[in-house]
Amino acid sequence: ESSAAGTPGDVFGDSRAYDVAEGKPAEYQIGSGRVVGWDEGLVDMCEGEKRYIVIPPELGYGEKGLPPKIPPNATLGMTLELLAILEKPPNIWADIDTDLNHVIEFHELMEWVQREHPNAAVDFGMKLLVEDDKDLDGMLTWEEFTGPKGVKRPGDPIWPEKTREDDEEQSRVAKEEYEAAKQGAKKEEKHTEL
């Protein structure tokens, strides 16, 4: 059912129109939160499936809307088509952060846009920056960046560093759990013999 806001049937975006210019379909990583409704709408879809999803205002753009295309309190309807499921999500963060300083600076973002999306307008890079730059400092931190960025933050060790005390504590807890389980097994044996 349509909301009172806006005009039913208005098109506010068409990823295929953008994709045709780029020559490739849009890629999306579930859980990135990059597009309203897609995290929920793509779950359990099969390759080749088309699905129409309805996003109520409280799960969409709410009271603020997204002017000028999406008015406040608008119910959104989207048709999704899943063309392919990629084996490994791309790590765009690593592609953009070329100086490896753990932030994406404006010049890095624009160089990436020119390299990966040569037909896109300059405002495409600005839009990406503005959407993600929560503290408005002109650069994106790992936390701010909503694009695909792999599973671990750059510079973080694969395994958290452990101290000798951590190992000793883990051993102590494991011994206690083992002893408790052993005591429970003995009590159970006695109970079954009666």
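Scoring rules and cut-offs
Residues numbered from 1 in each chain as written. Predicted model: local features only at pLDDT ≥ 70, side-chain atom pairs only at ≥ 80, totals over all residues. Heavy atoms only, no water. Helix = DSSP H or I, 4+ residues; strand = E, 2+ residues; numbered from the N terminus. Contact = heavy atoms within 4.5 Å. Areas by Shrake-Rupley, 256 points an atom, 1.4 Å probe, with all protein chains shown as cover. Phe/Tyr/Trp six-rings, centres within 6.5 Å; stacked < 30°, edge-to-face > 60°. Buried < 20%, exposed > 50% of the residue type's maximum accessible area, 1.4 Å probe, protein only. Lys NZ or Arg CZ within 6 Å of the ring centre and 35° of its normal. Patch = residues over 30% accessible without salt bridge, like charges linked within 9 Å, V, L, I, M, F, W, Y side chains within 5 Å. Salt bridge = Lys/Arg side-chain N within 4 Å of Asp/Glu carboxyl O. pLDDT = per-residue confidence, 0-100. Polar contact = N/O pair within 3.5 Å; in protein donor to acceptor, adjacent residues only side chain to side chain.

1. Looking at the overall build of the chain
Of regular secondary structure, the chain possesses six helices and four strands. The order of α-helices and β-strands along the chain, N terminus first, is α-α-β-β-α-β-α-α-β-α. Put simply, 50% of the contacts in the chain that link residues at least 6 apart link residues at least 24 apart. For the chain, the exposed area adds up to about 14,100 Å²; of that, 56% sits on carbon and sulfur atoms.

2. Things to note about the packing of aromatic side chains
Scanning all chains against the criterion turns up two aromatic pairs. Ring centres of Trp93 and Trp142 lie 5.4 Å apart, and the angle between their planes is 75°; on these two criteria the pair is classed as edge-to-face. You can see Trp93 sitting in helix α3 (residues 92–96) and its partner Trp142 sitting in the loop between β4 (139–140) and α6 (164–193), a full 49 residues away along the chain. There is no split in this pair, since Trp93 and Trp142 are both buried. Through successive ring pairs, a cluster of aromatic residues spans Trp93, Trp142 and Phe145. Lys149 extends its terminal NZ or CZ atom over the ring of Trp142, reaching a point 4.9 Å from the ring centre.

3. Remarks on the side chain of Asp132
Within the element layout of this structure, Asp132 appears in helix α5 (residues 122–132). Discounting residues that sit within four places of it in the chain, Asp132 has contacts with Arg34, Leu140, Glu144, Phe145, Thr146 and Gly147.

4. Points about a nonpolar patch on the surface
Judged by side-chain polarity, Phe106, Met126 and Val130 come together as a nonpolar surface patch covering roughly 260 Å² of accessible area. Its location among the elements puts Phe106 in helix α4 (residues 106–116).

5. Quick notes on the confidence of the model for the chain
Here the chain averages 75 in pLDDT, and 65% of its residues register 70 or above. Mean pLDDT values for the elements of the chain range from 54 in helix α1 (residues 15–22) up to 91 in strand β1 (residues 50–55). The low-confidence segment residues 157–164 (pLDDT under 50) makes four contacts with residues lying over four places distant or belonging to another chain.

6. Re the pattern of salt bridges
Applying the stated rule across the entire model yields two salt bridges. For the salt bridge of Asp44 with Arg51, the shortest nitrogen-to-oxygen distance reads 2.9 Å. Ionic pairing is found between Glu49 and Arg51, a salt bridge with its closest N-O pair at 3.0 Å. Look at Glu49 and you get partly exposed, because its relative accessible area is 23%. One salt-bridge network, in which partners are shared between bridges, spans Asp44, Glu49 and Arg51.

7. Some details on the side chain of Glu108
Counting through the fold element by element, Glu108 comes out in helix α4. A distance of 3.1 Å separates a polar atom in the side chain of Glu108 from the backbone nitrogen of Asp99. Among residues more than four places away in sequence, those in contact with Glu108 are Ile96, Asp97, Thr98, Asp99, Asn101 and Val103.

8. Quick word on the environment of Lys69
When you line up the elements, Lys69 lands in the loop between β1 and β2 (76–81). Note: C-alpha distance between Lys69 and Asp10 (59 residues apart in sequence) is 8.5 Å.

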